[in-house]
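Per-entry structural report
Below are the chains, spelled out letter by letter.
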Amino acid sequence: MMLGLARSTVASCVALACALLPCAASAYPLDGFAETGIRRLEGLRLANDGKIADVKQPRGALLPLAAVDLRLAGATMDLPPVAPVLNRRLAGILAGNLDGYGVAVLDLTDPAKPRYAEHNGGHRQNVGSVGKVVVALALFQALADAYPNDLQARQRVLKTTTVTADGFSQYDHHTVRMFNVETRSLVRRAIQVGDRASLWEFIDWMMSPSSNSAAGMVMREAMLLRQYGTAYPVPEREIQRFFAQTPKSELTALYEKTFFEPITRNGLDLAQLRQGSFFTATGKKIVPGGGDSYGTARELMRYLLKMEQGALVDTWSSREIKRLMYVTERRIRYASAPALADAAVYFKSGSLYECTKEPGFACGQYMGNVKNYMNSIAIVEYPAGDRKLYYMVTLISNVLRKNSAAEHQALAGRLHQMIDQAQAR
């Protein structure tokens, strides 16, 4: 099964799973409510303390805010040359599906002696909701451009700006956690037009349960930040006027300035990593995008490395993006591997599958027979707080007719064992 399989000409049933499951992995350290105003965090913290009834956190998800930090701040290295022995071991654990995977692994357990391996590292495919890390980069770049020397202003904008969901949020089936701090009550549902929350909460909803609705709103806000600078936030009436009256060509140009320019400005390759359009159907109608969306395992690895170095926008922005990737609730797909239970995992995932009728085959979630894209990026610190092992993995796959979520989970266990055994030698 080759990556990049052509679209079937047979009439097909299409199932799109762009991002995570409802009530899936949530991010940001649990003691971050006072700093961010993200109310979901307070609910999960109270649950973990046994004060309200809700899910408890896995062992690796309990690092406090101060401990979720950049591990390579100030370093300037790019990806090292491929280590032949590690590369052979990587090929050996792909279970015979070599053509179905693009994988990159960077072992930083000894940061002075990094080891790198990859397979099909330059293959491009749609990486689904992994592209939301590009949206996060664009938002933090626009924020830094507006307030280059004022971190307090950036935090104020994130925490105090109230965003009201409009058509850009529609439509998405993924639910988000809406916690009421005063009544200590929790509602889980999809975002609806009229819902109001802080900009920081919308970013969290985009990155944690991977809500496409939240992503649509964050993309709207990133464009507005780019357009209005320090005059942001602007009134809802002006927002509606701007998107209704601005020519489509100018909106596309602003889209590209907002989401393409930060890629190249931060030393990444736009030919290898790009979010070409909105994550919502209504967003696509209002703002014509800039072409295809895609990523490669190698360029996603460079994104993670730059983030750890504090080189995505600046140290503060890189740290905030990493905190937004910290898994602090239910773990899924790659991150759900039992071997990672004690690990701090910084994670994003996305999928896209498509089925057509085939004798003897029943289409299922993440089991497409036309395309079956599954994409995961992860930083693993094992065990959390100790970092006996410290490595990064970026993984894109298109293995047809298999449950790709289960495949990624199994592969995570094998990769963890590979890194552990390599360190023991």
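Residues numbered from 1 in each chain as written. Predicted model: local features only at pLDDT ≥ 70, side-chain atom pairs only at ≥ 80, totals over all residues. Heavy atoms only, no water.

Points about the environment of Leu268
Heads up, the condition is: Only runs of H or I of at least four residues qualify as helices and only runs of E of at least two qualify as strands under DSSP, and these elements are numbered from the N terminus. In this description, contact between two residues means that some pair of their heavy atoms is separated by no more than 4.5 Å.
By the element assignment, Leu268 lies in the loop between helix 10 (261-265) and strand 8 (273-274). When the C-alpha positions of Leu268 and Glu299 are compared, they lie 7.1 Å apart, and in sequence the two are 31 residues distant. Other than its neighbours up to four places away in sequence, Leu268 contacts Leu137, Ile263, Leu273, Glu299, Arg302, Tyr303, Lys306 and Leu312.

Topic: the state of the cysteines
By definition, a disulfide links the sulfur atoms of two cysteine residues through a covalent bond. Quick reminder of the rule: Any pair of cysteine sulfurs within 2.5 Å is marked as a disulfide.
Following the criterion strictly, the structure yields 1 disulfide and no others. The side chain of Cys355 participates in a disulfide bridge whose partner is Cys363; the two sulfur atoms lie 1.9 Å from each other. Sign of the S-S torsion, about 65 degrees for the bond between Cys355 and Cys363, identifies this disulfide as right-handed.

Remarks on the nonpolar core
Filter applied, for reference: What we call a nonpolar core is a set of buried Ala, Val, Leu, Ile, Met, Phe, Trp, Tyr and Cys residues that are connected through their side-chain atoms within 4.5 Å. Exposure classes here rest on a 1.4 Å probe applied to the protein chains alone. A residue is buried below 20% of its type maximum, exposed above 50%, and partly exposed in between.
Core analysis: the largest hydrophobic core is formed by 90 residues, its most contacted members being Leu158, Phe202, Ile203, Met206, Phe243, Phe259 and Tyr303. Looking at this core element by element, the count peaks at 11 residues for helix 4 (residues 132-146). In this structure, Phe259 is in contact with Val134, Val135, Ala138, Met219, Ala222, Met223 and Gln275, ignoring residues within four places of it in sequence. Val103, Ala117, Tyr391 and Val393 belong to the second largest nonpolar core, which has 30 residues in total.

Notes on the packing of aromatic side chains
Test applied: Any two rings among Phe, Tyr and Trp, with Trp reduced to its six-membered ring, count as a pair given centres within 6.5 Å; such a pair is stacked if its planes are under 30 degrees apart, edge-to-face if over 60, and tilted if neither. Should the NZ of a Lys or the CZ of an Arg lie within 6 Å of a ring centre and within 35 degrees of the ring normal, that charge is described as sitting over the ring.
Counted according to the given criterion, the structure contains 11 aromatic pairs. Pairing Tyr228 with Phe242 gives two aromatic rings, centres 5.9 Å apart and planes at 70 degrees, and the pair type is edge-to-face. Of this pair, Tyr228 sits in helix 7 (residues 212-228) while Phe242 sits in helix 8 (residues 236-245), placing them 14 residues apart in sequence. Under the relative-accessibility criterion, Phe242 is labelled buried at 6%. Where Tyr353 meets Tyr366, the ring centres are 5.9 Å apart and the plane angle is 75 degrees; that geometry is what we call edge-to-face. Placement of Tyr353 in strand 10 (residues 344-356) and of Tyr366 in the loop between strand 10 and strand 11 (371-382) is noted, with a sequence separation of 13 residues between them. Each member of the pair, Tyr353 together with Tyr366, is buried. Ring-pair connections join several aromatic residues into one group, and the members of that group are Phe168, Tyr228, Phe242, Phe243, Tyr255, Phe259, Phe260 and Phe278. In this structure, Lys132 packs its charged tip against the face of Phe279, placed 4.9 Å from the ring centre.

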